[in-house]
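# Summary of the model geometry
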Amino acid sequence: MDVHGTVAEGFEPVRKAFVRNFETLGDRGAAVTVYRDGQRVVDLWAGTKDVDGEADGDGAATWQRGTAQVVRSATKGVAAAVPLLLHQYGELDLDAPVGHYWPEFKARGKEGVLVRHLLNHRAGLPLLDRPLTPREALDPLRGAEAVAAQAPVWEPGTDHGYHALTYGWLLDELVRRVSGRGAGEWIAERIAAPLGLDFWLGLPDTEAGRVGRAGPVEGPEPSGALRARPKRSVTEAYDDPASVTRRAFAAIDPFPDHNDPEFRAVPHPAANGITTADGLARFYASLIGQVDGVRLFDPATVARARAEESAGPDRVLVVGTRFGLGYMLHGGASPFLAPGSFGHPGRGGSLGFADPETGIAFGYVTNGFRRTVTADPRAQALVRAVRSVVLG
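Residues numbered from 1 in each chain as written. Predicted model: local features only at pLDDT ≥ 70, side-chain atom pairs only at ≥ 80, totals over all residues. Heavy atoms only, no water.

### Points about the environment of L165
By secondary structure assignment, the location of L165 is in the loop between α6 (140-149) and α7 (166-179). Expressed as a C-alpha distance, the spacing of L165 and L125, which sit 40 residues apart in the sequence, is 9.9 Å. Aside from chain neighbours lying at most four places away, what touches L165 is A248, F249, A251, I252, F255, H268, A270 and A271. (Helix = DSSP H or I, 4+ residues; strand = E, 2+ residues; numbered from the N terminus. Contact = heavy atoms within 4.5 Å.)

Written as structure tokens, this is what we have:
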């Protein structure tokens with residue numbers, strides 16, 4: 001495997017793990033970037049730009065340093081920064097009812113849903129009684145109207161369950177009501193531009209040529225420590241069309257093709273952010289410290305983001321999960337670097353997180369989607385390598 005990029009002295013285990021991902025875990029094209037204390041210490045890429053592509057002689061089909069990919073739910077970690085920053089700036093009260101900012105949302109027993117419930121997955125709105133069609137999903141206002149008209153599945157605030165797709169419409173409309181702009185525009189102006197991030201929520205036509213084609217890949221049969229199969233309850237939940245799990249992931253039915261230019265152009269803060277590994281890692285580095293003089297979160301907001309708000313059996317994912325405000329927290333369902341880490345995986349592979357205690361910020365993107373939800377073996381191999389370097 002022809003691997004490009006650099007690693008700082010001491011981080012060589014990450015390069016070895018990255019190579020093994022291609023040799024044994026089915027990666028076709030991918031990149032990983034790690035920052036420590038605001039400085040880039042790992043920056044690697046390899047493979048083909050398109051999951052179904054073949055490298056050619058002039059390099060046009062190979063993964064370049066600036067190649068970007070859709071990162072699915074890893075989008076949520078970047079989007080979550082917007083309401084937290086609005087709170088940090090004094091423009092949004094996390095303990096206010098959502099209906100205070102968005103009056104139409106109060107319908108059907110949602111008067112008591114608080115802003116923090118949207119971020120900690122306790123709003124009781126993981127699904128739609130009538131899913132949106134792919135064409136309807138191209139209009140972000142249509143999604144906002146649908147969740148505003150939806151009755152909660154459980155009493156808001158009393159339990160938690162992953163809002164796989166509805167999270168995007170809930171967050172986007174809240175941000176629009178508070179700031180006058182949708183989350184994609186807010187991120188472009190207030191996060192991506194100051195940091196020089198390659199991150200788009202709503203891909204401009206001018207950047208389309210940088211984005212690879214993503215698709216499913218098969219990995220090897222698990223062995224050793226990875227031999228365990230999902231519990232029967234988890235498998236049944238995903239297979240049952242009437243389950244909360246299946247319906248949550250089918251809030252758009254059928255789900256649009258991630259490679260469709262129309263879908264990529266529409267901001268959906270739950271599922272279709274497009275970024276590079278460096279963009280994802282650089283973003284997380286800026287949450288916990290300065291990156292070229294820019295820092296997003298103050299210490300109080302970092303503490304708020306990673307303070308446990310929800311923990312235990314997840315009514316959607318049917319495993320134990322932990323959430324802060326908008327971020328998954330380190331745990332069995334989604335291991336990050338250490339107990340204080342916070343971030344967000346993307347279904348099928350991608351991962352971004354920060355660990356304030358070690359100063360580590362991590363970003364991994366891939367064009368190959370495996371059948372994983374929160375803990376992809378390729379990302380986890382890279383995290384273990386980083387852990388071996390910084391924690392021993």
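### Some words on the packing of α7 against helix α8 (residues 183-195)
It is the contact of α7 with α8, at a shortest axis distance of 8 Å, that shows an interaxial angle of 65°. Here α7 lies roughly perpendicular to α8, going by the angle between them. Between α7 and α8, the contacting residues are L171, D172, V175 and S179 on the first element and A183, G184 and W186 on the second. Per-class residue counts for the contact of α7 with α8 are 4 nonpolar, 2 polar and 1 charged. (Axes fitted to C-alpha atoms, helices over the stretch in contact; angles between N-to-C directions. Parallel < 35°, antiparallel > 145°, perpendicular 65-115°, else oblique. Nonpolar A, V, L, I, M, F, W, Y, C, P; charged D, E, K, R; others polar.)

### Considerations on α6
When α6 is considered as a whole, its buried residues turn out to be P140, G143, A144, A146, V147 and A148. If you follow the buried residues of α6, they end up packed against α7. (Buried < 20%, exposed > 50% of the residue type's maximum accessible area, 1.4 Å probe, protein only.)

### Some thoughts on the nonpolar core
Counting residues in each nonpolar core, the largest one holds 75 residues, and the members touching the most others are I191, F283, L287, F297, Y327 and F342. Once you skip the residues sitting within four places of it in the chain, L287 turns out to touch R295, L296, F297, V302, Y327 and F342. In this structure, V42, M328, F353 and Y364 belong to the second largest nonpolar core, which totals 35 residues. (Core = buried A, V, L, I, M, F, W, Y, C linked by side-chain atoms within 4.5 Å.)

### Some details on the pattern of salt bridges
Summed over the entire model, instances satisfying the criterion amount to 23 salt bridges. One salt bridge in this structure joins E262 and R135, with 3.2 Å as the shortest N-O distance. In this pair, E262 sits in helix α11 (residues 261-265) while R135 sits in helix α5 (residues 134-137), placing the two residues 127 residues apart along the sequence. Its relative accessible area of 40% is what places E262 among the partly exposed residues. Here R135 falls in the exposed class, since its relative accessible area comes to 54%. With a shortest N-O distance of 2.2 Å, E189 and R181 are connected by a salt bridge. Classification of E189 as partly exposed rests on a relative accessible area of 41%. (Salt bridge = Lys/Arg side-chain N within 4 Å of Asp/Glu carboxyl O.)

### Things to note about the pairing of strand β3 (residues 39-47)
The element β3 is largely enclosed, with a buried count of 7 among its 9 residues. The sheet contact formed by strand β1 (residues 4-7) and β3 spans 4 bridges and is antiparallel. Its bridge partner lying in β3, V7 is registered against V42. Here strand β2 (residues 29-36) runs beside β3; their pairing, made up of 8 bridges, is antiparallel. From the neighbouring strand, V34 faces β3, where its bridge partner is V42. (Pairing = 2+ DSSP bridges.)

### What to know about the packing of aromatic side chains
Geometrically, a pair of aromatic rings is defined through the distance of the ring centres and the angle of the planes. A complete count under the given rule lists 12 aromatic pairs for this structure. Arranged with centres 5.8 Å apart and planes meeting at 35°, the rings of Y238 and F249 form a pair that is tilted. In this pair, Y238 is assigned in helix α9 (residues 232-239) and F249 in helix α10 (residues 244-249), connecting sequence segments 11 residues apart. Judged by relative accessible area, which is 19%, F249 ranks as buried. On the numbers, 6.3 Å between centres and 70° between planes, the contact of Y284 with Y327 is edge-to-face. Pair noted here: Y284 is in helix α12 (residues 277-288) and Y327 is in the loop between β9 (320-323) and β10 (328-329), with a separation of 43 residues, a long-range link. By relative accessible area, Y284 is classed as buried at 0%. In this structure, R347 packs its charged tip against the face of F249, placed 4.5 Å from the ring centre. (Phe/Tyr/Trp six-rings, centres within 6.5 Å; stacked < 30°, edge-to-face > 60°. Lys NZ or Arg CZ within 6 Å of the ring centre and 35° of its normal.)

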